[in-house]
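# Results of the structural survey
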Amino acid sequence: MEENTNNKSKKGLSKGIIALIVGVIVLLGGTAAAFFINSSSPKATYFLAEKNSLEHVKEYVENRYSDEIAWVEKSEEEAIEQNLDIGVTINDPNSSGLQADPAIEMINNSRLMFNTQTDMEARQFYTNIGVNYNGIELNDIELAINEGNLTAGLPFLNETLQFNDEDFGSLMYELDPYTFTGNETLNLDSILFDNMYALEEEDLEYVKEEYVMYAYDLLPDDAFESSNEDVEVNGESISAEKVTMHLSEEQTREVLISLFEKMKDDEKLKELVHEQLVNISYVAGSDMSQLEEEIDLILEDYETVFEDAIKEVETFQFKDGIQSALWVADDKVVQREFNIAIAPEGDELVTLDINGQQHLTDDQIFFDFEFTADESSSLVLSGDLSSKDSMIKDNVEISVPDAEMKLYYEGEESVSDNTRTFDRTFGFSEPYTGEGSMIWSGESTYDEDQMNSSNTITFGTTEMPEVFALDMNVDGSIIDSVAEMDTSNIVDIGAMSSEEISTYFSTDFAEQFQQWIMQFMGGSDLEF
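## Remarks on the overall build of the protein
A tally of regular secondary structure across the protein gives 12 helices and 20 strands. The 528 residues of the protein split such that 39% are buried. When contacts within the protein are restricted to residue pairs at least 6 apart in sequence, long-range pairs at least 24 apart make up 53% of them. Total accessible area computed for the protein in this model is approximately 29,900 Å², and 50% of it derives from carbon and sulfur atoms.

Given below as structure tokens:
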């Protein structure tokens, strides 16, 4: 058979350059709208409509869940205590109904209890864990973290165990010098109390000032046009302003190259990328200095990445450039179209089309969008969220029609004073495994400095609606300060050698545990 050498392939499609291009498009289409633009031009109308739409959705969610958001904010600013009581019910599909699996029976008759206290400002954490099995309670499994140091208490120990973060590396090196360097840390303090993945406010401002408005200014005014057009959205006829953006192939190339040139020479941006790579790559127990060196090595190619991107963009195909249209009413987007076809030189074009509509009001958010790649496979995102007279009803669906697959959410809620009653269903459906769902129902109350909620979460399938059920009760309140553990009799694990640790756990620790378990078992009706 003669091989067809004229067939164009998509294998040459550079994932790196496409990711950069899509990222820049998102930047142009979304974050540029974050700034107030003092203009009434079609370009300003286009981005302000995006900005207003995003802000409307944000305000809608904040208004709907204002009590919950207020409680989260309090928990970040003040010391709080939360009591969590969890029970599990497992329905064994293999059970005959005459004799249950002993392990499942034990789980079904047990409850876990957590008393947790946190002070994010003081960087303190404490929890007391208990277990209830058939009315028999085991309490006082304590754990505290303060200034990165870990303290633990167990019901059978006379002493309190302590492990300082700074001792982790040396201990691991002694145990395994081939794997560890001795500089590793658990970094528990940052993991618990810092949002390691969020940019600082000043860094966000830098990106906004240096790139968002820069990108906005790069877009030529004559690429935007405006006209009036009526559209039908969710069965309602709306008089809208249609704003089109059409960047030619050359204009698209010029915008991307200008952005990449600026990014390539920006040392501040390079520092932010370095910081994010470190945060993303870090796991508890890592050697931070070694990780920094590895990231530095990766970023030696920082400028080269953008230089290569610029060279590739110079010959990249942008057939018909970028075409987008927004229909705007009440300063918000009600309908949109977006079309792009891209590929490296000589390769078959990859197309992306986005078409859909949305209607944002004070008591409803409606949207229906279709994302189509290469004019064949498509994904549909639709939803209808309504809040009226303290009654909430939501439906959201993500589907792939060709594959008969879908993920969906259905919710009904009612609010009276500070109490919310809810029934929420998260489900999926696809032809091979059938259907499954998670049903979350309950009630929650947020009142000034305290809260409580009762929750039942059920997992099931079409064949077995209740495979697994979880019931969870939470009571929370503002407290003066986090409880402190008794440190009058400390065993500092981190200060011991590996031999001393082994001796301690095989003698003192083991002896106290054996004595305690005999007393505990002898004084209870516990059966396994």
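After that view of the structure, there is still more to cover.
## Some remarks on the pattern of salt bridges
Where charged atoms from two side chains of opposite charge come close, those side chains can pair. Tallying each qualifying case throughout the model produces 19 salt bridges. Residue Glu 210 pairs with Lys 262 through a salt bridge whose shortest N-O separation is 3.1 Å. Note that Glu 210 is positioned in helix α7 (residues 201-218) and Lys 262 in helix α8 (residues 249-264), a separation of 52 residues in sequence.

## Observations concerning the pairing of strand β15 (residues 405-416)
Direction of pairing for strand β14 (residues 391-400) relative to β15: antiparallel, over a ladder of 10 bridges. Each residue of the ladder has a partner; that of Glu 397, found in β15, is Tyr 408. The hairpin formed by β14 and β15 contains four residues between the paired strands, and Glu 404 there has a positive phi angle of roughly 55°. Sheet topology note: the β15/strand β16 (residues 419-430) ladder contains 11 bridges and is antiparallel. Bridge pairing links Leu 407 to Phe 428 in β16.

## Here we look at the side chain of Ser 429
Along the chain, Ser 429 turns up in strand β16. If we ignore the near neighbours within four places in the chain, the residues touching Ser 429 are Glu 404, Met 405, Lys 406, Gly 434 and Glu 435.

## Considerations on the packing of helix α9 (residues 267-281) against helix α10 (residues 288-298)
It is at 10 Å that the axes of α9 and α10 come closest, and there the two elements cross at 130°. Considering the angle they form, α9 stands oblique to α10. Handedness of the crossing formed by α9 with α10: right-handed. Only Met 288, Leu 291, Glu 292, Ile 295 and Asp 296 of α10 make contact with α9, whose side of the interface consists of His 274, Leu 277, Val 278 and Ser 281. The class makeup of the residues in the contact of α9 with α10 is five nonpolar, two polar and two charged.

## Things to note about the pairing of strand β8 (residues 236-247)
Within a regular strand, the side chains alternate between the two sheet faces. Relative to β8, strand β7 (residues 224-233) runs antiparallel, the two sharing 10 bridges. Looking at β8, one finds that Asp 230 is bridged to Ser 239. Connecting β7 to the antiparallel partner β8 that follows it, the hairpin turn spans two residues, and Asn 234 within it adopts a positive phi of roughly 55°. In the sheet, β8 pairs with strand β9 (residues 317-329) via seven bridges, with the strands oriented antiparallel.

## Digging into a nonpolar patch on the surface
The grouping of Leu 379, Ile 398, Leu 407 and Phe 428 at the surface amounts to a nonpolar patch, some 320 Å² of accessible area in total. As for its placement among the helices and strands, Leu 407 is situated in strand β15.

## Re the packing of aromatic side chains
Under the defined criterion, the tally for this structure stands at 18 aromatic pairs. Measuring from ring centre to ring centre gives 5.5 Å for Phe 459 and Phe 468, while their planes differ by 55°; the resulting arrangement is tilted. According to the relative accessible area criterion, Phe 468 is partly exposed, its value standing at 27%. A connected cluster of aromatic rings, assembled from ring pairs, spans Phe 156, Tyr 504, Phe 505, Phe 509, Phe 513 and Trp 516. Its end group placed over the ring of Trp 440, Arg 424 keeps NZ or CZ at 4.7 Å from the ring centre.

## A few points about the nonpolar core
In summary, soluble globular proteins display a tendency toward joint burial of nonpolar side chains. By size, the foremost hydrophobic cluster in this structure holds 39 residues, and its most contacted members are Tyr 46, Phe 224 and Phe 260. Of the residues forming this core, the biggest block, six residues, is contributed by α8. Counting 19 residues, the second largest nonpolar core, distinct from the first, contains Phe 125, Ile 145, Leu 157 and Phe 193.

## Considerations on the packing of α7 against α9
Running from amino to carboxyl end, α7 crosses α9 at an angle of 135°, the nearest separation of the two axes being 11 Å. One way to sum up the angle between α7 and α9 is to call them oblique. Seen from above, α7 lies across α9 with left-handed handedness. Contacts between α7 and α9 involve Asp 203, Tyr 206, Val 207 and Tyr 211 from the former and Lys 268, Leu 269, Leu 272 and Glu 275 from the latter. Partitioning the contact of α7 with α9 into residue classes produces five nonpolar, no polar and three charged.

## Concerning the confidence of the model for the protein
Per-residue confidence for the protein gives a mean pLDDT of 85; residues scoring 70 or more make up 88%. Low pLDDT, under 50, characterises residues 1-26; the predicted model gives this stretch 38 contacts beyond four residues in sequence or across chains. Between residues 28-34, whose pLDDT stays under 50, and residues either more than four places distant or in other chains, the model counts 18 contacts.

## Structural notes on a negative patch on the surface
Taken together, the side chains of Glu 261, Glu 293, Glu 294, Asp 296, Glu 300, Asp 301, Glu 307, Asp 308 and Glu 314 define an acidic patch exposed on the protein surface. Of all the elements in the fold, those that place two or more residues in the negative patch are α10 and α11 (302-315). In this structure, Glu 294 sits in helix α10. Given the relative accessible area of 42%, Glu 294 is considered partly exposed.

Cut-offs used in this document
Residues numbered from 1 in each chain as written. Predicted model: local features only at pLDDT ≥ 70, side-chain atom pairs only at ≥ 80, totals over all residues. Heavy atoms only, no water. Helix = DSSP H or I, 4+ residues; strand = E, 2+ residues; numbered from the N terminus. Buried < 20%, exposed > 50% of the residue type's maximum accessible area, 1.4 Å probe, protein only. Contact = heavy atoms within 4.5 Å. Areas by Shrake-Rupley, 256 points an atom, 1.4 Å probe, with all protein chains shown as cover. Salt bridge = Lys/Arg side-chain N within 4 Å of Asp/Glu carboxyl O. Pairing = 2+ DSSP bridges. Axes fitted to C-alpha atoms, helices over the stretch in contact; angles between N-to-C directions. Parallel < 35°, antiparallel > 145°, perpendicular 65-115°, else oblique. Left-handed = near helix turned anticlockwise from the far one by under 90°. Nonpolar A, V, L, I, M, F, W, Y, C, P; charged D, E, K, R; others polar. Patch = residues over 30% accessible without salt bridge, like charges linked within 9 Å, V, L, I, M, F, W, Y side chains within 5 Å. Phe/Tyr/Trp six-rings, centres within 6.5 Å; stacked < 30°, edge-to-face > 60°. Lys NZ or Arg CZ within 6 Å of the ring centre and 35° of its normal. Core = buried A, V, L, I, M, F, W, Y, C linked by side-chain atoms within 4.5 Å. pLDDT = per-residue confidence, 0-100. Lys, Arg positive; Asp, Glu negative; His and termini not counted. Charge placed at Lys NZ, Arg CZ, Asp CG, Glu CD.

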